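# Breakdown of the fold
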2 protein chains.
Amino acid sequence: MDNGMTTYYKTQDPSLKSWVKSANGPECPFPIQNLPYGAFSTAANPAPRIGVAIGDHVLDLSVLEKAGLLPQSEGCFSAPVLNGFMGLGAAVWSDTRATISALLEKENSRLRDDSALRAGALVPLSDVTLHMPVQVGDFTDFYASREHATNVGTMFRDPENALMPNWLHIPIGYNGRASTVVVSGTDIHRPCGQVKAPDQAAPSFRPSGKLDMELEMGALVGTGNPLGQPVTVEQAREMIFGYVLLNDWSARDIQVWEYQPLGPFQAKAFATTISPWVVTAEALEPFRVSGPSQDPVPLPYLQQTAANNYDLNLKVTLQPAGAASPAAICETNFRYMYWSSPQQLAHHASSGCAMRPGDLLGSGTISGPTPASWGSLLELTWNGRDPLTLPEGQTRTFIEDGDSLTLTGWCQGDGYRIGFGEAEGTILPPVPHPAGG
Amino acid sequence: MDNGMTTYYKTQDPSLKSWVKSANGPECPFPIQNLPYGAFSTAANPAPRIGVAIGDHVLDLSVLEKAGLLPQSEGCFSAPVLNGFMGLGAAVWSDTRATISALLEKENSRLRDDSALRAGALVPLSDVTLHMPVQVGDFTDFYASREHATNVGTMFRDPENALMPNWLHIPIGYNGRASTVVVSGTDIHRPCGQVKAPDQAAPSFRPSGKLDMELEMGALVGTGNPLGQPVTVEQAREMIFGYVLLNDWSARDIQVWEYQPLGPFQAKAFATTISPWVVTAEALEPFRVSGPSQDPVPLPYLQQTAANNYDLNLKVTLQPAGAASPAAICETNFRYMYWSSPQQLAHHASSGCAMRPGDLLGSGTISGPTPASWGSLLELTWNGRDPLTLPEGQTRTFIEDGDSLTLTGWCQGDGYRIGFGEAEGTILPPVPHPAGG
């Protein structure tokens, strides 16, 4: 056969090149080794559908599917979200990725030389609107960086006992709000809520004065487990379809008043921003590394025998309204997480809780060992005590109206990068409440 | 016209009778004044579709829809869940209810005398399987009974300061797990999880030894609000489509070890049982009552000018495996709730959090003023200190394997009852973890 579909390519091979030339630069986020999935639309065809990013283009998988080149996907790429494809399982994910890689490989003529098909399938990234890549079933957020939990515990509790007694035993997490997970580029109004300073007798309802970001990664569950059936850490790793960047916006003043005893609620319910491209676990395979050693040894149901962290560089920039350029405020790495995403997922299912395709697990704020690697303004400014001064002279304790926050991330391969694109959100002024103050 | 479709009936009129004779008894849970919606299937047609309960039958609305008798519903009754119909809005809900009421009214001949249509549309309840009536988008659980919060605070904190400082100001709530909301009749395996007694040095992973129920009502959001747009309490009430019974199963020993600082997680993630019939807010209109007076006066965004509680009798029975009959362990009333469901919903949207059709709001455990009206075994047995003795001689502190718990509820009208059916779940032994102990 000459259509490349039966040839298996090692899809992570650093030497692979694409006939989409923009994909071959050493700093391109979307080389042929990446092939992240997303949902997009165009002016000519406003129906969202699934594509992969390649160089500065999107490959429209719904077109390839209709042309019969992706027989594995059962029509799922014409859907507006990835849930259907994710539910097909790991063997289909891997086989489909190999097929797409083959079709984009430099020497493969099937799509490269079919100008009509190519014209319909390859769309410039600058011409597309990106949408939520999945319908999020449940969104869960963890608290799994030891440095982050230690910083928060030091600030609000006791520096001598910064970690709660359960923290080294359990990947602490809570249920988040799925309806307000939004895609990069969605503007967000500053939330209002109940706040009460310690010296105030009663709370008031007003715009948050301590609006923060949290740098996280989001793991997307691809295949689920039935109600009542827990899974091992290794099984959990195989259930994860891929990862996105995630900004868990947080209103610290609302949070501190409301969170006892049932945890954060409206302080985090107003929005969570994710990046539009889902980088598959398979593309990240070469970047697996071990996390910090775990002492005490976790209970058997949380023990992992494989390296389940990723060497993934992360950066946050803040650009005030009117500023000439974004300023980096945090640089860190996903490898620092104490509890890995597979451990988090195994814990999540340990009670028999059912997971479904499209469930989203926020890693928790990713803070590293140095102050510049802390993943929230709460930590970077030590709850406002130490304002940041940006290169253009502005100072920040927390986020101001008009600020644009952008998360980026990439794995550095041998001559190529696995990029995540970005998760951006701009804060708009608060909306007045219809009931008044 | 003689098909009854243009005639408006006062659907709550106590004097209304149906030609479905079983609906007319004074204790029938499903009289013509009720008309609760549910999803059902039959052996002959295993595709779930929407019906209303009437007497000892289900009226198959997909059949009426296809026959052109429900022009308002836009085909939504042929769907397996109510979300589409709920999204059509309050005017359609009301108009559709009036049409269904008219078609079932004793003197209306349109359906009564059309034997072919009637045979296809009216199915004995004993012949149907009931399914989840909605696809739950987000599940939120509140903590809104003053008696319950006081009991819990007295038990675990300080009897002198049982309520947290925020409790009288905020309808305290947290995000629950949507994937494990199950319909009445679904068996549930006892969950396993991390537990640690105060005198143990380290936690262990084992089956919960303190498995509990929580008697709640669930409010189903019918129409949503967009991201960033809060709503008033009155608007919130109009957004609620209807109510179900809800048992928020809780593993107390898992909860007490995991819940600091982010709230309950695996202790409640394994299952939440709801009743299959959604009783509409419109059917409950005659039973609206004021709740307890609120002091301090809530902030303006939480103030309500109308009576937003319901006079709704509630009961829980426990039947051990092999017992001859169920034993009542709690009798209470929904009217005792300090924070009403509309207040909860208005608070939920106060940050700009978007609500969607199918979102479920658990009221929180409903405990009344007397010990027999407390809505959890935690309270009924005072955390196991005071075991219950059942009429057949068994004793209980918490739930044992094989126990069946059933919630029932009804509003008492003048000669009729608005019944909720039941929310039943039986506890099965734990499933061994695939990773071992």
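Residues numbered from 1 in each chain as written. Chains lettered and ligands numbered in written order. Predicted model: local features only at pLDDT ≥ 70, side-chain atom pairs only at ≥ 80, totals over all residues. Heavy atoms only, no water.

An unreviewed UniProt entry annotates chain A as fumarylacetoacetase of Sneathiella chinensis. Word for word, the UniProt comment on chain A under Pathway (unreviewed entry) is "Amino-acid degradation; L-phenylalanine degradation; acetoacetate and fumarate from L-phenylalanine: step 6/6." (UniProt positions renumbered as here; feature names shortened; annotations may be inferred.)

So, on to the environment of Tyr301(A). Note on placement: Tyr301(A) falls in the loop between strand 18 (288-289) and strand 19 (309-310). Sequence-distant contacts of Tyr301(A), that is, excluding residues within four places in its chain, are made with Val233(A), Ala346(A), His347(A), Ser350(A), Gln194(B), Phe205(B), His433(B) and Ala435(B). Side-chain polar atoms of Tyr301(A) contact the side chain of His347(A), separated by 2.8 Å. Of the polar contacts made by the side chain of Tyr301(A), one reaches the side chain of Gln194(B); its length is 3.1 Å. (Helix = DSSP H or I, 4+ residues; strand = E, 2+ residues; numbered from the N terminus. Contact = heavy atoms within 4.5 Å. Polar contact = N/O pair within 3.5 Å; in protein donor to acceptor, adjacent residues only side chain to side chain.)

A few words on unusual backbone geometry. Residues and elements named next belong to chain A. Cis geometry is found at the peptide bond from Asp-295 to Pro-296, where omega equals 10 degrees. With respect to the helices, strands and loops of the structure, Pro-296 is situated in the loop between strand 18 and strand 19. With a phi close to 50 degrees, Glu-74 is a non-glycine residue in the positive phi region. When you line up the elements, Glu-74 lands in the loop between helix 1 (61-66) and helix 2 (83-86).

Using the criterion set out here, one finds 32 aromatic pairs over all chains in the structure. Between Tyr37(B) and Phe241(B), the ring centres sit 5.7 Å apart and the planes meet at 40 degrees, which makes this aromatic pair tilted. One end of the pair, Tyr37(B), is in strand 1 (residues 37-42); the other, Phe241(B), is in strand 14 (residues 240-247), and 204 residues separate them in sequence. The pair Tyr37(B) / Phe241(B) is uniform in exposure class, with both members buried. Measuring from ring centre to ring centre gives 6.4 Å for Phe287(B) and Tyr416(B), while their planes differ by 65 degrees; the resulting arrangement is edge-to-face. Here the residue Phe287(B) occupies a position in the loop between helix 10 (281-284) and strand 18 (288-289), and Tyr416(B) occupies one in the loop between strand 25 (404-412) and strand 26 (417-428), the gap between them amounting to 129 residues. Here the two residues Phe287(B) and Tyr416(B) agree in accessibility, since each one is buried. Taken together, the ring pairs in this structure connect Tyr37(A), Phe77(A), Phe85(A), Trp93(A) and Phe241(A) into an aromatic cluster. (Phe/Tyr/Trp six-rings, centres within 6.5 Å; stacked < 30°, edge-to-face > 60°. Buried < 20%, exposed > 50% of the residue type's maximum accessible area, 1.4 Å probe, protein only.)

Before going further, it helps to examine the UniProt feature "domain: Fumarylacetoacetase N-terminal" (unreviewed entry) in chain A. The UniProt record marks residues 33-133 of chain A with the feature "domain: Fumarylacetoacetase N-terminal" (unreviewed entry), using the residue numbering of this structure. Split by type, residues 33-133 of chain A is 36% helix and 23% strand. Its first and last C-alpha atoms lie 20 Å apart.

Note on the identical chains: chain B maps onto chain A by a rotation of 180 degrees and an axial translation of 0.0 Å, with an RMSD of 0.0 Å. The symmetry that links the two subunits is that of a two-fold axis. If distances are taken from each C-alpha of chain B to the rotation axis, the shortest is found for Gly263(B), at 2.2 Å. Interface overlap between copies is the fraction of interface residues in one copy that are interface residues in the other; for chain B against chain A it reaches 100%, indicating a shared surface. (Least-squares fit on C-alpha atoms with pLDDT ≥ 70 in both.)

To continue, consider the interface of chain B and chain A. Facing the 68 residues of chain B at the interface are 68 residues of chain A. Note on chain B versus chain A: buried area summed over both sides is about 6,200 Å², and carbon and sulfur give 62% of it. Of all residues in chain B, Arg177(B), Leu262(B) and Phe265(B) give up the largest surface area on contact with chain A, accounting jointly for 13% of the area buried on that side. Where chain B touches chain A, the interface holds four salt bridges. Note that Asp138(B) and Arg177(A) form a salt bridge whose closest N and O atoms lie 3.4 Å from each other. In this structure, the connection of chain B to chain A is made through 29 residue pairs in polar contact (both at pLDDT 80 or more). (Buried area = accessible area lost by both parts, 1.4 Å probe. Salt bridge = Lys/Arg side-chain N within 4 Å of Asp/Glu carboxyl O.)

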